[in-house]
Amino acid sequence: MQITTRSTMNVTWQRLGVAFSTAIAIASTIALVPTQALAQTTETSTAEHSRRDQGHAQSCKSFKAWMGGGKINIVDFTALTGGESSPFRFRLKYDSFEPVAADGFFGRITKGQLTFSYPRQNNPELPYVKTDPYPAMYFHGPAFGEQVDYQAREIGCNLFEVHWKETHKGDTVTHVQDFNRQQVCTNITNINRAPIPAEFDPFDINVQMNNTALFPDGSPVAKDSFAWFPLCGTMSQSLGSDAVWENKLHYLVYVAP
């Protein structure tokens, strides 16, 4: 009886050992014991993310890299302002690029001069007549534009905030230019043509533009006629030597004196 009991116990322990070994093998196969596999997966994932980050960083170019080397940027707001009959299409030529020390906000800063051209048609050229209806003032007349000082600030990968003042026309312009999407949004303000009483003081709440004694018709800024233009559109770059503006769109190029 004693021999039979020991034999039975040995067989039982052998069977349990085989079962345990089998369970370990199955668990490893179905990733219930995933230590090595997890380490390999983590290493691969980290490497993939590193490669993606490096590729992303390499694809981010400076403002000069986008617009230097004799390139032209044609900004087109016609889709939101009347289609092909719209005059809101402009040629931007950045003439100089000066890197400026960072000020701690967003990214790199570039300053310089740019020359913009209005879409005055060249085929045929027509005289400018002040009394002609809209949009003749944009299309008719000699080459028209201005050379201005600009600042471009990098606010994202291939994304720049660009602004300038047009000292001849009286406009202030701010662009957000996204070279990833080839899209641009702008806010443009023009000089206010409403007369401003001498008593007006923007920092005195008693004599601001909501004072009907000073402004019987209400604040001129609140009116739809106030010259403020928020627009979005597309961009396209080409070499100036390709003459896309002149030969394809048939517009005159303004040259600063």
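Provided above is the structure to which this section pertains.
The structure reproduced in this document is the subject of the present report. (Residues numbered from 1 in each chain as written. Predicted model: local features only at pLDDT ≥ 70, side-chain atom pairs only at ≥ 80, totals over all residues. Heavy atoms only, no water.)

**Topic: the packing of aromatic side chains**
Here is step 1: With the rule as written, the count across this model stands at 18 aromatic pairs.
Here is step 2: Aromatic pair Trp 245 and Tyr 251: ring centres 4.7 Å apart, planes at 55 degrees, arrangement tilted. Note on accessibility: Trp 245 and Tyr 251 belong to one class, buried.
Here is step 3: Through pairs of rings, three or more aromatic residues link up here, namely Phe 63, Trp 66, Tyr 94, Phe 97, Tyr 150, Phe 160 and Phe 179.
Here is step 4: In this structure, Lys 61 is placed above the aromatic ring of Trp 66, and the distance from its NZ or CZ to the ring centre is 3.9 Å. (Phe/Tyr/Trp six-rings, centres within 6.5 Å; stacked < 30°, edge-to-face > 60°. Buried < 20%, exposed > 50% of the residue type's maximum accessible area, 1.4 Å probe, protein only. Lys NZ or Arg CZ within 6 Å of the ring centre and 35° of its normal.)

**So, the pairing of strand 7 (residues 171-178)**
Here is step 1: Where strand 6 (residues 159-166) meets strand 7, eight bridges bridge the pair, whose relative direction is antiparallel. Bridge pairing in strand 7 places Phe 160 opposite Gln 177.
Here is step 2: Linking two consecutive strands that pair antiparallel, namely strand 6 and strand 7, is a turn of four residues; a positive phi of about 95 degrees is found at Gly 170 within it.
Here is step 3: Pairing analysis gives seven bridges linking strand 7 to strand 8 (residues 183-189), with the strands arranged antiparallel. Bridge pairing in strand 8 links Val 173 to Ile 188.
Here is step 4: Remark: four residues form the turn of the hairpin made by strand 7 and strand 8, two consecutive strands paired antiparallel; Gln 182 in that turn has positive phi of roughly 55 degrees. (Pairing = 2+ DSSP bridges. Helix = DSSP H or I, 4+ residues; strand = E, 2+ residues; numbered from the N terminus.)

**Re the environment of Tyr 128**
Here is step 1: By secondary structure assignment, the location of Tyr 128 is in the loop between strand 4 (109-117) and helix 4 (136-139).
Here is step 2: Look at Tyr 128 and you get partly exposed, because its relative accessible area is 44%.
Here is step 3: For the pair Tyr 128 and Pro 142, spaced 14 residues apart in the sequence, the C-alpha separation amounts to 7.4 Å.
Here is step 4: Residue contacts for Tyr 128: discarding those within four places in its chain leaves Arg 120, Met 137, His 140 and Gly 141. (Contact = heavy atoms within 4.5 Å.)

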